[in-house]
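Take a look at the letters that make up each chain.
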Amino acid sequence: MMGQTKTETVRKQIVVDAPIGRAFTVFTRQFGDFKPPEHNLLGSPIAETVFEPRVGGSIVDRASDGTECRWARILAFDPPDRVVFSWDISPRWTIETDPAQASEVEVRFYAESPDRTRVELEHRHLDRHGSGWEAIVMGVDGPEGWPLYLHRYAALLR
């Protein structure tokens with residue numbers, strides 16, 4: 001693509017042992033079961049992470065003390081094929097309140113067979129985060145980022 005370097009988009013994929021419908025449902029309804037608990041912008045341990053399964057919903061971390069952190073907005077919700085959500089976390093790992101400075105994560109689900117699904121994740125427009133956006137690339141592309149999420153997600157489906 002013209003004018004776009006590879007580093008502005010992070011792509012990961014994994015094949016899971018589940019039919020496409022279950023793969024989609026587990027990714028969205030059980031997001032909090034595979035999101036690493038140490039990925040926490042709150043002052044207290046996370047009690048639950050809720051993925052609100054609708055356009056206009058959020059991904060919300062709720063801490064044990066009752067505080068909440070809404071760190072993503074659901075932009076598309078098309079079961080069982082795709083979901084798109086914003087990444088409202090700045091390069092300083094704080095909440096980004098300006099949607100124009102948020103990146104996007106698109107997750108697509110492809111049935112490879114009746115009981116195997118390929119899951120492709122694309123985290124794009126990372127440069128929208130402005131100064132220091134490369135830090136987000138390093139975070140989400142590294143072993144503690146999306147690869148860890150997808151590994152833990154696949155383990156739930158085994």
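A few points on the structure. Just so you know, these numbers come straight off a predicted model, no measurement behind them.

**Re the nonpolar core**
In step 1: Core analysis: the biggest nonpolar cluster contains 39 residues, and Phe27, Phe85, Val107, Phe109 and Tyr153 have the highest contact counts within it.
In step 2: In contact with Phe85, not counting residues within four places along its chain, are Phe27, Phe51, Ile59, Ala72, Arg73, Ile74, Leu75, Ser103, Glu104, Val105, Val107 and Trp146.

**Considering the packing of aromatic side chains**
In step 1: Going through the model one piece at a time under the given rule, you end up with 18 aromatic pairs.
In step 2: When the ring of Phe31 is compared with that of Phe51, the centres are 5.8 Å apart and the planes differ by 50 degrees; the resulting orientation is tilted. On the criterion of sequence distance, the pair formed by Phe31 in helix α2 (residues 31–34) and Phe51 in strand β2 (residues 46–51) is long-range, its members being 20 residues apart. As far as the burial class goes, Phe31 and Phe51 line up, both buried.
In step 3: A ring pair is formed by Phe51 and Phe77, whose centres lie 6.5 Å apart and whose planes are at 45 degrees; its orientation type is tilted.

**Points about the side chain of Ser86**
In step 1: Within the element layout of this structure, Ser86 appears in strand β5 (residues 82–87).
In step 2: Looking at Ser86, the relative accessible area reads 1%, which means it is buried.
In step 3: Here the side chain of Ser86 touches Arg73 through a polar contact of 2.7 Å, landing on its backbone nitrogen.
In step 4: Among the polar contacts made by the side chain of Ser86, one reaches the side chain of Asp88 at a distance of 3.0 Å.

What counts, and where the lines are drawn
Residues numbered from 1 in each chain as written. Predicted model: local features only at pLDDT ≥ 70, side-chain atom pairs only at ≥ 80, totals over all residues. Heavy atoms only, no water. Core = buried A, V, L, I, M, F, W, Y, C linked by side-chain atoms within 4.5 Å. Buried < 20%, exposed > 50% of the residue type's maximum accessible area, 1.4 Å probe, protein only. Contact = heavy atoms within 4.5 Å. Phe/Tyr/Trp six-rings, centres within 6.5 Å; stacked < 30°, edge-to-face > 60°. Helix = DSSP H or I, 4+ residues; strand = E, 2+ residues; numbered from the N terminus. Polar contact = N/O pair within 3.5 Å; in protein donor to acceptor, adjacent residues only side chain to side chain.

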